[in-house]
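Read off the chains here:
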Amino acid sequence: MKKVLRLTIISLLLFSFLIPYTAFAETNKTEWHDIELSDDEFESLLANNPNNMVSTYTSGLIITYAISAAKSGSNLIIAGRTSCSSEVVKSGFTKVTIQQRKNSSYSWSNYQSYSGLYTDSRVYNLSKTLAVDKGYQYRITCTHYAKKSLFSTEKIDNTSNTVTF
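About the cut-offs
- Residues numbered from 1 in each chain as written.
- Predicted model: local features only at pLDDT ≥ 70, side-chain atom pairs only at ≥ 80, totals over all residues.
- Heavy atoms only, no water.
- Helix = DSSP H or I, 4+ residues; strand = E, 2+ residues; numbered from the N terminus.
- Buried < 20%, exposed > 50% of the residue type's maximum accessible area, 1.4 Å probe, protein only.
- Contact = heavy atoms within 4.5 Å.
- Areas by Shrake-Rupley, 256 points an atom, 1.4 Å probe, with all protein chains shown as cover.
- Core = buried A, V, L, I, M, F, W, Y, C linked by side-chain atoms within 4.5 Å.
- Phe/Tyr/Trp six-rings, centres within 6.5 Å; stacked < 30°, edge-to-face > 60°.
- Lys NZ or Arg CZ within 6 Å of the ring centre and 35° of its normal.
- Pairing = 2+ DSSP bridges.
- Axes fitted to C-alpha atoms, helices over the stretch in contact; angles between N-to-C directions.

Asks: Lay out the overall build of the protein with the relevant residues and their values.
Replies: When its secondary structure is counted, the protein shows two helices and nine strands. Listed N to C, the secondary structure of the protein is α-β-α-β-β-β-β-β-β-β-β in terms of helices and strands. Within the span of the protein, comprising 165 residues, buried residues form 39% of the whole. Excluding contacts between residues fewer than 6 apart, the proportion of contacts in the protein whose partners are at least 24 apart in sequence is 66%. As presented, the protein carries roughly 10,500 Å² of accessible surface, and 53% of it is formed by carbon and sulfur atoms.

Asks: Residues and numbers for the nonpolar core, please.
Replies: Among the nonpolar cores identified, the biggest contains 20 residues, and Trp 32, Leu 76, Ile 98 and Leu 126 are the most heavily contacted of them. In this structure, Leu 76 is in contact with Ala 69, Ala 70, Ile 98, Lys 128, Thr 129, Leu 130, Val 132, Tyr 138, Ile 140, Val 163 and Phe 165, ignoring residues within four places of it in sequence.

Asks: Before we move on, can you summarise the packing of aromatic side chains with the specific residues and values?
Replies: Applying the stated criterion across every chain, the model contains five aromatic pairs. Seen from their ring centres, Phe 93 and Tyr 124 are 5.8 Å apart, and the 75° between their planes marks the pair as edge-to-face. On the criterion of sequence distance, the pair formed by Phe 93 in strand β4 (residues 90-101) and Tyr 124 in strand β6 (residues 123-131) is long-range, its members being 31 residues apart. Of the two residues examined, Phe 93 and Tyr 124, each falls in the buried class. Taken together, the ring pairs connect Tyr 111, Tyr 136, Tyr 138 and Phe 165 into an aromatic cluster. Here the basic side chain of Lys 90 rests over the ring of Tyr 118, its NZ or CZ set 5.0 Å away from the ring centre. The ring of Tyr 136 has Lys 102 sitting right over it, with the charged end atom 4.9 Å from the ring centre.

Asks: I'd like to hear about the sheet that holds strand β1 (residues 33-34), residue by residue, with values.
Replies: Within a sheet, each strand pairs with its neighbour through backbone hydrogen bonds, oriented either parallel or antiparallel. Ordered in space as β1-β6-β3-β2, the four strands form an open sheet in which the pairing is antiparallel. For this open sheet the edge positions go to β1 and β2 (62-72), each flanked by a neighbour on one side alone. Strand direction decides the pairing type here: strand β3 (residues 75-84) and β6, joined by nine bridges, are antiparallel. Note that in β6 the partner of Asn 75 across the bridge is Ala 131. Packing of helix α2 (residues 39-46) onto the sheet brings it into contact with β2, β3 and β6, and relative to β3 it is tilted by some 90°.

Interpretation note: all reported values are geometric properties and have no functional meaning in isolation.
This is the structure we're talking about:
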């Protein structure tokens, strides 16, 4: 009897290791949403970041690029642009990452990331909103992208201004 019980328990344990299961991570993060901004609002948001590059002459595929953050209630507003030369067939962002930190004495940590934000034209405008936690500072890091052909692409990293909630 002990032998049968022992074999049953061992069989059940072995069988339980073979059953696939899925672990679900709990998260309180929300997805970002598209927002409609007027041209004036969009340009005003982009002007918030002194790191944004606007050039009348460039030798690369990307002519102008910008990423900025703003606060609206408990929402983070993200505005970005990748503007390219006329021969570009695909433009946008390879990656956009929202980063947060408690205050200036802490280092930045990734809060949420999005990738593959493209359009089949020479200009890509990004305008999104995201509900965020209070008591933190936020910024956006991104990689602007332009593609002329399979062998002719350009990527530029950029970081937005810092917004405190």
